[in-house]
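# Fold and geometry: a report
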Amino acid sequence: MIGVKLNPNFDALIVVDMQNDFIEGSLAVPKASSIIPVVNEYIKKFESIGAPIFFTRDWHPENHISFAENGGIWPKHCVMDSWGAMIHKGVYVPSDNRFFINKGYDSNFDAYSGFQGTILNDLLRERGIKRTFICGLATDYCVKNTVIGALNLGYQTFVLLDAIMGVDVNRGDSEVALNYMMEMGAIVLTIEDCISVR
Ligand code: VGL
Ligand code: ZN
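Here's a quick rundown of the structure. (Residues numbered from 1 in each chain as written. Chains lettered and ligands numbered in written order. Predicted model: local features only at pLDDT ≥ 70, side-chain atom pairs only at ≥ 80, totals over all residues. Heavy atoms only, no water.)

### Structural notes on the site of ligand 1
- Taken together, Asp 17, Phe 22, Leu 27, Asp 58, Trp 74, His 77, Tyr 112, Leu 137, Ala 138, Tyr 141 and Cys 142 make up all the residues around ligand 1.
- One of the side-chain N or O atoms of Asp 17 is found 2.6 Å from an oxygen atom in ligand 1.
- Within the contact set of ligand 1, a nitrogen atom lies 3.1 Å away from a side-chain nitrogen or oxygen of His 77.
- Contact with the protein chains covers 99% of the free accessible surface of ligand 1, which is 260 Å².
- With respect to the detected pockets, ligand 1 is housed in the largest cavity.
- Here the residues of the shell around ligand 1 sort into eight nonpolar, one polar and two charged. (Near = heavy atom within 4 Å. Polar contact = N/O pair within 3.5 Å; in protein donor to acceptor, adjacent residues only side chain to side chain. Areas by Shrake-Rupley, 256 points an atom, 1.4 Å probe, with all protein chains shown as cover. 1 Å grid on protein atoms, 1.4 Å probe; cavity = no way out; pocket = protein on both sides within 12 Å on 5 of 7 lines; lining within 4 Å. Sits in = over half its atoms within 2 Å of the grid points. Nonpolar A, V, L, I, M, F, W, Y, C, P; charged D, E, K, R; others polar.)

Here it is, written out as structure tokens:
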């Protein structure tokens, strides 16, 4: 148990790609639905102290470069405005102080990081955020790249171990990704480490 007291003046939660296609659609991450209750616990903790919550969304055009039919490595997924790109109905989305960050919207570029081609960094900076807490899907792709992005931009960054899940195209990918994030300076936390009393 580490014990980090959350502070709405400089802490933000980033919920990565909790979308239908990654949970029960065309690119379903094995056991993705098992993290939904814990993801919701984090969202409610941050909401209860008035800290901002950022939901990233993989948001591709029909002709996206990452799709197999266009020469990429993934099945067609998260086509913008389609069911697959919607945040899963089991995920709690507060009505205030929450933001959606769409990424990968350019047909010729992929974006595994929530910071790539988005205004996420500007939104964090203008709110005085210094620490990011990151959960969601998938550990070995968009979670990893968003965590590394946050670290490179100078945020102290926490990976929420009980609220991430990996694709593991190759066995052990998620473990390798997690070790890499920690090597780069990320700190691993679980729900009982996060203290949200005002
Ligand atoms: C992701 C594969 C393709 C992710 C996005 O959210 O981790 N993975 N596009
Ligand atoms: Zn994608």
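### Some details on the coordination of the zinc ion (ligand 2)
- Each protein donor to the zinc ion (ligand 2) is listed here as Asp 58 (OD), His 60 (NE2) and His 77 (NE2); together their distances run 2.0 to 2.2 Å.
- Each of the four donor atoms around the zinc ion (ligand 2) contributes to a set of angles spanning 85 to 169°, which defines the coordination as irregular.
- Spacing between the donor residues of the zinc ion (ligand 2) along their common chain follows D-x1-H-x16-H. Residue His 60 is located in the loop between β3 (53-58) and β4 (98-103), and its partner His 77 is located in the loop between β3 and β4; the two are separated by 17 residues in the primary sequence. As far as the burial class goes, His 60 and His 77 line up, both buried. (Donors = N, O, S within 2.8 Å, 3.2 Å for Na, K, Ca; no water. Tetrahedral: all angles 85-135°; square planar, octahedral: opposite > 155°, others 65-115°. Helix = DSSP H or I, 4+ residues; strand = E, 2+ residues; numbered from the N terminus. Buried < 20%, exposed > 50% of the residue type's maximum accessible area, 1.4 Å probe, protein only.)

### Observations regarding helix α4 (residues 139-152)
- With eleven of 14 residues buried, α4 is to be regarded as a mostly interior element.
- For α4, the complete set of buried residues consists of Thr 139, Asp 140, Tyr 141, Cys 142, Val 143, Thr 146, Val 147, Ile 148, Gly 149, Ala 150 and Leu 151.
- Packing partners of the buried residues in α4 comprise β2 (11-16), β4, β5 (131-137), β6 (156-165) and α5 (173-183).
- Positive backbone phi, at 95°, marks Gly 154, one or two positions downstream of α4. (Contact = heavy atoms within 4.5 Å.)

### Focus: the sheet that holds β6
- Strands sit in the order β4-β3-β2-β5-β6-β7 across an open sheet of six strands; the sheet is parallel. Edge positions in the sheet fall to β4 and β7 (187-189), since each has one partner strand and no second. Neighbouring strand axes in the sheet, compared pairwise and without regard to direction, differ in orientation by 25° on average.
- Pairing of β5 with β6, which is carried by six bridges, proceeds in the parallel orientation. Across the sheet, residue Arg 131 finds its bridge partner in β6, namely Gln 156.
- Sheet strands touched by helix α2 (residues 36-49): β2, β3, β5, β6 and β7. Its angle to β2, the strand with the most contacts, is close to 150°. (Pairing = 2+ DSSP bridges. Axes fitted to C-alpha atoms, helices over the stretch in contact; angles between N-to-C directions.)

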